[in-house]
Amino acid sequence: MSEQMPEQGTNAAPDKLRVVTIDGPSGVGKSTVSRRVAAELGFTYLDTGAMYRAVGYACAQAGIEVDDPAHQEALNKLLAELDLRLLPPEKEGDEVRVFLGDEEVSAAIRMPEMSMAASQVSAVPTVRARLTVMQQEMGKAGGLVADGRDTGTVVFPQAAWKFYLDASPEERCRRRVAQLRERGQEVDEQETLAQIIERDRNDQERTIAPLVMAADALHIDSSHINADEVVARMLEVVSSG
Ligand code: DC
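Source: prediction; values computed, not measured.

Calculation notes
Residues numbered from 1 in each chain as written. Predicted model: local features only at pLDDT ≥ 70, side-chain atom pairs only at ≥ 80, totals over all residues. Heavy atoms only, no water. Salt bridge = Lys/Arg side-chain N within 4 Å of Asp/Glu carboxyl O. Helix = DSSP H or I, 4+ residues; strand = E, 2+ residues; numbered from the N terminus. Buried < 20%, exposed > 50% of the residue type's maximum accessible area, 1.4 Å probe, protein only. 1 Å grid on protein atoms, 1.4 Å probe; cavity = no way out; pocket = protein on both sides within 12 Å on 5 of 7 lines; lining within 4 Å. Points joined across faces, edges and corners; volume = space filled by probe spheres on them. Pairing = 2+ DSSP bridges. Axes fitted to C-alpha atoms, helices over the stretch in contact; angles between N-to-C directions. Parallel < 35°, antiparallel > 145°, perpendicular 65-115°, else oblique. Left-handed = near helix turned anticlockwise from the far one by under 90°. Contact = heavy atoms within 4.5 Å. Nonpolar A, V, L, I, M, F, W, Y, C, P; charged D, E, K, R; others polar.

A.B. asks: Whenever I open this one, the pattern of salt bridges confuses me. Can you help?
C.D. replies: Between side chains of opposite charge, pairing is possible as soon as their charged atoms come close. For the structure shown, the criterion picks out 19 salt bridges. In this structure, Asp-150 engages Arg-128 in a salt bridge whose closest nitrogen and oxygen atoms are separated by 2.9 Å. Placement of Asp-150 in the loop between β6 (144-148) and α6 (151-155) and of Arg-128 in helix α5 (residues 125-139) is noted, with a sequence separation of 22 residues between them. Take Asp-150 and Arg-128: they sit in the same class, and that class is buried. Put simply, Arg-206 and Asp-203 hold a salt bridge, and the shortest N to O gap is 3.6 Å. Of the two residues, Arg-206 and Asp-203, both sit in the buried class.

In C-alpha cells, the structure reads:
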C-alpha cells in the first residue's frame, strides 16, 4: 500500500480555519508572495486591497466624498448596491481581475491616484463592515490566502497561518518605482516615498482595524530577502502544521 502523504496546507489545528493571512504595509510585495503561496497550495487568492480600491474608485466615479456628512446617504446606497466581483487573472502572474457590475476596473483601481482614495475609504466603518463580511463569506470554506492589513486580526482571527510581511519605507519605495516604470508610468521617487509614508500613517493610525501585527502572526522582514525566500519560508511554516 502506498504511503499517504499529508496534502500541503491541510494539517491545520481543528479549531482553525484553513486560511493563510498575509498582512503588512503597502508596497511590501504581499500580492506577489500571496499569489505564489496560493498557487503552490492550490488555494484561492483573495486580494482584499483590490476590494478597497474598487470602493474608492466607485466613490470617485459617483462624486462621493466619504468624509462629508452630506454624502453618507449616497455612500450607504452605494455599499448596499455594491456589485463587486473578483475573478482569477487571465494569465498566471497577473493581478486579480476586478469588476464593478459589468465594468472591468482592474487597471483603473491600480492607478497611483487610487491608492490614496482606497486608503481614505478604508477608514470608514461602514465600508469596512461591508467588505469584511464579503471577505469572511469567501473564506468560510477555507482554502484561501488573504492579503491586506487586517486579515489576520479582524477578518480571519481564527486563520491557521498568519504572516506579517514588512520592509522599510525606502525599500518599498524602490520596488514601487521599479514596478511603475516597468509599466511605462512616469514616477517621482520623492513623491512616491512621501505617499508611502502617508499611507502607512493612515493605515496604522485609523481607529478601526488599523494595520497592526496579529499577536499570533509570524513577522517576516523582506528588506533584504527576495520573494522566493519569503514564499519558501511561508510554505515551510504552512506544511509544518
Ligand atoms: O494593498 P493595497 O495597496 O491594494 O490596499 C489599498 C488600500 O486599502 C490601503 O491603503 C489600505 C486599505 N486596505 C485596508 O485597509 N484593509 C485591507 N484588508 C486591505 C487594504
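So much for the structure itself; the text now carries on.
A.B. asks: Help me understand the layout of surface pockets in this model?
C.D. replies: Over the atoms rolls a probe the size of a water molecule, and in doing so it shows where empty space is left. Approximately 440 Å³ is the volume attributed to the second largest pocket. What lines the second largest pocket is a set of 19 residues, among which Arg-35, Ala-38, Tyr-45, Pro-89 and Val-96 lie closest to the centre. Where the lining of the second largest pocket is concerned, the elements lending two or more residues are α1 (30-41), β2 (44-47) and β3 (84-87). At 5 residues, the largest contribution of residues to the lining of the second largest pocket is made by α1.

A.B. asks: Please explain unusual backbone geometry as it appears in this structure.
C.D. replies: With the exception of glycine, most residues fall at negative phi, and the peptide bonds are largely trans. The backbone of Ala-209 sits at a positive phi, close to 45 degrees, despite the residue not being glycine. For Ala-209, the location among the structural elements is in the loop between α8 (189-205) and β8 (218-221). On the accessibility criterion, Ala-209 (13% relative accessible area) is buried.

A.B. asks: What should I look at first to understand the pairing of strand β7 (residues 159-166) in this one?
C.D. replies: Walk down a regular strand and you will see the side chains alternate between the two sheet faces. When you tally the buried positions in β7, you get 6 out of 8 residues, the bulk of the element. Summarising the sheet, strand β1 (residues 17-23) and β7 pair through 5 bridges and their orientation is parallel. Of the residues in β7, the one forming a bridge with Val-20 is Trp-161. Note: β7 against β8, 4 bridges, orientation parallel. Of the residues in β8, the one forming a bridge with Tyr-164 is His-219.

A.B. asks: Whenever I open this one, the packing of helix α7 (residues 169-182) against α8 confuses me. Can you help?
C.D. replies: Two numbers describe a pair of packed helices, the interaxial angle and the distance between the axes. Direction vectors running N to C along α7 and α8 enclose 125 degrees, while the axes themselves pass 9 Å from each other. Here α7 lies oblique to α8, going by the angle between them. α7 and α8 meet at a crossing whose hand is right-handed. Each of Pro-169, Glu-170, Arg-172, Cys-173, Arg-176, Val-177 and Arg-181 in α7 lies in contact with α8, whose residues at this interface are Glu-189, Thr-192, Leu-193, Ile-196, Ile-197 and Asp-200. Its residues assigned to classes, the contact of α7 with α8 comprises 6 nonpolar, 1 polar and 6 charged.

A.B. asks: Explanation requested: the side chain of Thr-132 in the structure shown.
C.D. replies: Residue placement: Thr-132 occurs in helix α5. A relative accessible area of 11% means that Thr-132 is categorised as buried. With residues near it in sequence (within four places) discarded, Thr-132 still touches Tyr-52, Asp-150, Val-154 and Val-155.

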